[in-house]
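Spelled out from the first residue to the last, the chains are:
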Amino acid sequence: VRGDLKGERLTEVGGAVTPTFGRWKAKFPGGLVLSKDTGHARAYGTWPYGDYDTASGIIFGVRFRDERFHQKKVVVGVRVNGDAIAIPKEEFAQRREAKIEVGGRELVAQYDTDLAAVRVVDRKTLEPVSAYDVMWFAWYAFNPRTAVLT
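In this report, the structure presented in the accompanying data block is examined. In every chain, residue numbers begin from 1 and rise along the written sequence. Predicted model: local features are reported for residues with pLDDT of at least 70 only, side-chain atom pairs are reported and counted for 80 or more only, and whole-chain, interface and lining totals are derived from all residues. The basis for every side-chain value is the complete set of heavy atoms in the structure, and neither hydrogens nor water enter the calculation.

Some details on the nonpolar core
To be explicit about the condition: Among buried residues, the Ala, Val, Leu, Ile, Met, Phe, Trp, Tyr and Cys ones that are joined through side-chain atoms within 4.5 Å form a nonpolar core. Exposure is judged per residue with a 1.4 Å probe applied to protein chains only, and the accessible area is read against the type maximum: over 50% gives exposed, under 20% gives buried, and values in between give partly exposed. Residue contacts are counted whenever heavy atoms from the two residues lie within 4.5 Å of one another.
Ranked by internal contacts, the top residues of the largest apolar core, which has 19 residues, are Val78, Ile87, Phe92, Ile100, Leu107 and Val120. The residues touching valine 120, leaving out its near neighbours within four places in the chain, are Val78, Leu107, Val108, Ala109, Glu127, Pro128, Val129 and Ala131. Counting nine residues, the second-largest nonpolar core is a separate cluster that includes Phe69, Ala86, Tyr140 and Val148.

This is the structure in structure tokens:
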């Protein structure tokens, strides 16, 4: 990174989810795609990672590993005030809601069946909290002291 803001941290924006385009379009039929003309040569609309999601190996070396889950299991990661929790996404779809505490903050996680996504909000203010769909190996590599919602 170069420039005047080198070394600065970005402010996280809560509430973002990563559904498929089909799920998003079904829930928000009047939604607009701003542009596919990004200046990059990319085939938008196709998955650029081949079979990476289903292949057994990972292409990144990681310092910390944990065998509680398959390394490519999708979890929803939440970090607050230096503490972290992983929510196993597939299992949470059945549970649908949980009150959790992370970093001293009281939160509620809710499963949105339309988007197949987990949203996390502050229990008191209902303010969205950053939550990321991420493969277990990657979440654990950056958050080796993570708790896991059971």
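Notes on the packing of aromatic side chains
Applied cut-off: The rule is short: rings of Phe, Tyr and Trp, with Trp giving its six-membered ring, pair when the centres are within 6.5 Å, and they are stacked under 30 degrees, edge-to-face over 60, tilted in between. For helices the rule is a DSSP run of H or I covering at least 4 residues; for strands it is a run of E covering at least 2, with both sets numbered from the N terminus onward. We count a charge as sitting over a ring when the NZ of a lysine or the CZ of an arginine lies within 6 Å of the ring centre and within 35 degrees of the ring normal.
Under the defined criterion, the tally for this structure stands at four aromatic pairs. Summarising the aromatic geometry, the rings of phenylalanine 21 and tryptophan 24 are spaced 5.6 Å apart at their centres and angled 35 degrees between planes, so their arrangement reads as tilted. With a gap of three residues between them, phenylalanine 21 and tryptophan 24 both fall in helix 1 (residues 21–27), about one helical turn apart. A relative accessible area of 51% places phenylalanine 21 in the exposed class. Judged by relative accessible area, which is 24%, tryptophan 24 ranks as partly exposed. Pairing phenylalanine 69 with tryptophan 136 gives two aromatic rings, centres 5.1 Å apart and planes at 90 degrees, and the pair type is edge-to-face. Of this pair, phenylalanine 69 sits in the loop between helix 1 and strand 1 (74–80) while tryptophan 136 sits in helix 3 (residues 136–142), and the two are 67 residues apart along the sequence. The same class applies to phenylalanine 69 as to tryptophan 136, namely buried. Taken together, the aromatic side chains of Phe21, Trp24 and Phe28 make up a single cluster linked through ring pairs. Above the plane of the ring of tyrosine 52 lies lysine 72, whose end atom (NZ or CZ) is 3.7 Å from the centre.

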